[in-house]
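# Breakdown of the fold
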Amino acid sequence: TSVPTVTLNNGATMPQIGFGVFQVPNAETTAAVAEALRAGYRSIDTATVYGNEEGVGRAIGEAGVPREDLFITTKLWNSAQGYDSTLRAFDESLAKLKLDYLDLYLIHWPTPARGLYTETWKAFAKLAADGRVRSAGVSNFQPNHLAEIVDATGLVPAVNQVELHPRLTQEPLRAYHAEHGIVTEAWSPLGQGKGLLDDPAIGAVAAKYDRSPAQVVLRWHLQLGNVVIPKSVTPSRIAENLDVFDFSLEDADVAALSALNVDSRVGPDPDTNNQA
Ligand code: NAD
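In this report, the structure presented in the accompanying data block is examined.

What counts, and where the lines are drawn
- The numbering scheme is per chain: residues are counted from 1 as the chain's sequence reads.
- Predicted model: local features are reported for residues with pLDDT of at least 70 only, side-chain atom pairs are reported and counted for 80 or more only, and whole-chain, interface and lining totals are derived from all residues.
- Note that water and hydrogens are dropped before the side-chain values are worked out from all heavy atoms of the structure.
- Definition used in this section: a nonpolar core is a set of buried Ala, Val, Leu, Ile, Met, Phe, Trp, Tyr and Cys residues joined via side-chain atoms within 4.5 Å.
- Accessible area is worked out with a 1.4 Å probe on protein chains only. A residue is then buried under 20% of its type maximum, exposed over 50%, and partly exposed in between.
- Runs of H or I in DSSP of at least four residues are treated as helices and runs of E of at least two as strands, each being numbered from the N terminus.
- Proximity is defined per residue: any heavy atom of the residue falling within 4 Å of a molecule or strand makes that residue near it.
- Under the rule applied, a polar contact is a pair of N or O atoms within 3.5 Å (in protein, one hydrogen donor and one hydrogen acceptor; residues adjacent in sequence only if both atoms are side-chain atoms).
- Here the open area of atoms and residues is found with the Shrake-Rupley method and a 1.4 Å probe, where only the protein chains shown may cover a residue.
- A strand pair is defined by DSSP finding two or more bridges across the two strands.
- Handedness of a crossover is defined as follows: orient the strands so they point away from the viewer, and if the path from the first strand over the helix to the second runs clockwise, the crossover is right-handed.
- Between rings of Phe, Tyr and Trp, where Trp is taken as its six-membered ring, a pair exists when centres lie within 6.5 Å; planes separated by under 30 degrees are stacked, by over 60 edge-to-face, and by other angles tilted.
- Either the NZ atom of lysine or the CZ atom of arginine qualifies as a charge over a ring when it sits within 6 Å of the ring centre and within 35 degrees of the ring normal.
- In this analysis, two residues are considered to be in contact whenever any of their non-hydrogen atoms come within 4.5 Å of each other.
- For this document, the term salt bridge refers to a Lys or Arg side-chain nitrogen within 4 Å of an Asp or Glu carboxyl oxygen.

### Description of the nonpolar core
Ranked by internal contacts, the top residues of the largest apolar core, which has 66 residues, are Ile-17, Phe-19, Val-33, Ile-72, Leu-102, Tyr-105 and Leu-249. If you tally residues by element for this core, the top one is helix H8 (residues 213-224), at six residues. Of all hydrophobic cores here, the second largest spans ten residues; its members include Leu-8, Phe-71, Leu-106 and Val-227.

What follows is the structure, encoded as structure tokens:
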């Protein structure tokens with residue numbers, strides 16, 4: 001499978017499907033990432049707080065895939081926000097990943113009450129200017145957070161990675177991203193599996209195309225232009241989640257999935273999550 005790419009606002013390209021490793025223990029991460037690379041994924045999404053950057057790095061080192069064919073993302077944890085501490089945390093992540101540059105570095109959460117995300121973004125701008133980070137982005141940012149960091153630096157994030165699935169379609173945020181040239185990346189694209197994938201409306205669309213519920217939800221994302229990073233440690237599901245490029249949903253079926261929106265989150269609210 002050759003995964004289509006999206007072009008970011010700095011001209012870099014990013015695979016539209018990547019492999020997420022949230023909640024995968026470090027010891028199991030190497031095998032899971034190795035399986036994903038075998039299946040054809042080239043984009044891997046980790047984070048310092050997941051505790052598995054070393055496992056990702058080991059898999060990359062052992063797989064023999066040329067570095068330039070990979071797209072590696074990690075995220076700065078909240079406790080490291082601030083200018084100098086960001087630069088130190090970045091060096092630690094790169095060492096664990098055994099890389100000399102990152103494709104995409106994200107501020108994991110704005111944690112607005114702590115008031116540090118703009119200083120943090122200035123450090124991201126420096127890492128991008130130095131070429132150590134090919135693309136700088138954010139995660140869980142709301143429009144007011146995005147406006148503030150752009151005003152302070154002139155650097156528009158390449159990506160905003162946010163919770164997004166048919167029960168949280170994020171239409172206003174997607175429109176804001178489109179207007180400002182920010183790519184929308186969906187975390188928990190399957191709504192974490194349970195519940196969402198059992199929805200009868202999704203089941204009906206899956207039956208119509210003779211595909212799994214996960215596959216039609218991923219197709220819905222792709223047709224909206226979202227980047228997705230589904231997670232699984234099960235080899236058959238890892239492959240299934242990438243096998244979505246030989247069919248497409250009719251507009252009415254895209255609309256039927258969008259109509260499941262109830263603005264309900266599986267994760268924290270970015271405006272009130274100030275965890276450090
Ligand atoms: P997800 O929506 O990818 O769901 C994963 C779960 O869905 C799996 O654990 C499994 O139970 C089920 N599943 C996967 N494939 C399936 C299939 N084909 N059929 C049936 N069930 C299937 O949820 P996620 O792991 O929360 O999110 C994906 C990735 O997003 C994470 O691994 C992580 O990289 C990223 N993420 C980022 C943030 C953030 O704050 N930036 C937060 C959460 C997750």
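### Thoughts on the site of the ligand
Around the ligand there are 27 residues in total, and Asp-45, Ser-139, Gln-161, Ser-188 and Leu-190 lie nearest to it. Here an oxygen atom of the ligand sits 3.3 Å away from a polar atom, N or O, in the main chain of Val-21. Residue Ser-139 places a side-chain N or O atom 2.8 Å away from a nitrogen atom belonging to the ligand. Protein chains bury 89% of the 840 Å² of accessible surface belonging to the ligand in isolation.

### Concerning the pairing of strand S5 (residues 71-76)
In terms of burial, S5 is a largely internal element, six of the six residues being buried. Here strand S4 (residues 43-45) runs beside S5; their pairing, made up of three bridges, is parallel. Note that in S5 the partner of Ile-44 across the bridge is Ile-72. Between S4 and its parallel partner S5, the chain crosses via helix H2 (residues 53-63), and the hand of that crossover is right-handed. As paired elements, S5 and strand S6 (residues 102-107) share four bridges and run parallel to each other. Bridge pairing links Thr-74 to Tyr-105 in S6. With respect to chirality, the unit in which S5 leads through helix H3 (residues 83-97) into the neighbouring parallel S6 is right-handed.

### Details of the packing of aromatic side chains
Per the stated rule, a full pass over the model turns up eight aromatic pairs. Ring plane angle 70° and centroid distance 6.3 Å describe the contact between Trp-109 and Trp-187, whose orientation is recorded as edge-to-face. Taken together, the residues span a long stretch of sequence, with Trp-109 in the loop between S6 and helix H4 (117-129) and Trp-187 in strand S9 (residues 183-187) at a distance of 78 residues. A single burial state applies to Trp-109 and to Trp-187, both of which are buried. For the pair Tyr-209 and Phe-247, a centre-to-centre distance of 6.1 Å together with 50° between the ring planes defines the contact as tilted. Of this pair, Tyr-209 sits in helix H7 (residues 200-209) while Phe-247 sits in the loop between helix H9 (235-240) and helix H10 (251-258); the two residues are 38 residues apart in sequence, bridging distant segments of the chain. The exposure class assigned to Tyr-209 is buried, which follows from its relative accessible area of 17%. By way of ring pairs, the aromatic residues Phe-90, Tyr-105, Trp-121 and Phe-124 are connected into one cluster. Geometry around Tyr-101 places Arg-134 over its ring, the cationic atom sitting 3.8 Å from the centre. A cation sits over an aromatic face here: Arg-219 above Phe-247, 5.8 Å from the ring centre.

### Considering the environment of Leu-104
Take Leu-104: it is sitting in strand S6. The exposure class assigned to Leu-104 is buried, which follows from its relative accessible area of 0%. Separated by 29 residues in sequence, Leu-104 and Lys-75 have C-alpha atoms that sit 8.4 Å apart. Ignoring sequence-local partners within four residues, the contact set of Leu-104 consists of Met-14, Phe-71, Ile-72, Thr-73, Thr-74, Ser-135, Ala-136, Gly-137, Val-159 and Glu-185.

### Let's talk about unusual backbone geometry
Of note, Thr-111 is a non-glycine position whose phi angle comes to about 40°, a positive value. By the secondary structure assignment, Thr-111 is in the loop between S6 and H4. Judged by relative accessible area, Thr-111 falls into the buried class, the value being 0%. Here the phi dihedral of Asp-210 falls at roughly 55°; this positive angle occurs in a residue that is not glycine. Position of Asp-210 relative to the elements: it lies in the loop between H7 and H8.

### What about the pattern of salt bridges?
Tallying each qualifying case throughout the model produces twelve salt bridges. The salt bridge involving Arg-167 is made with Asp-199; its shortest N-O contact spans 3.3 Å. Here Asp-199 lies in the loop between S9 and H7 and Arg-167 lies in the loop between strand S8 (159-163) and helix H6 (171-180), a separation of 32 residues in the sequence. Here Asp-199 falls in the buried class, since its relative accessible area comes to 13%. Between Lys-208 and Asp-253 there is a salt bridge, and its shortest N-O distance comes to 2.8 Å. Of the two residues, Lys-208 is situated in helix H7 and Asp-253 in helix H10; the sequence distance between them amounts to 45 residues.

None of this, on its own, says anything about what the molecule does.
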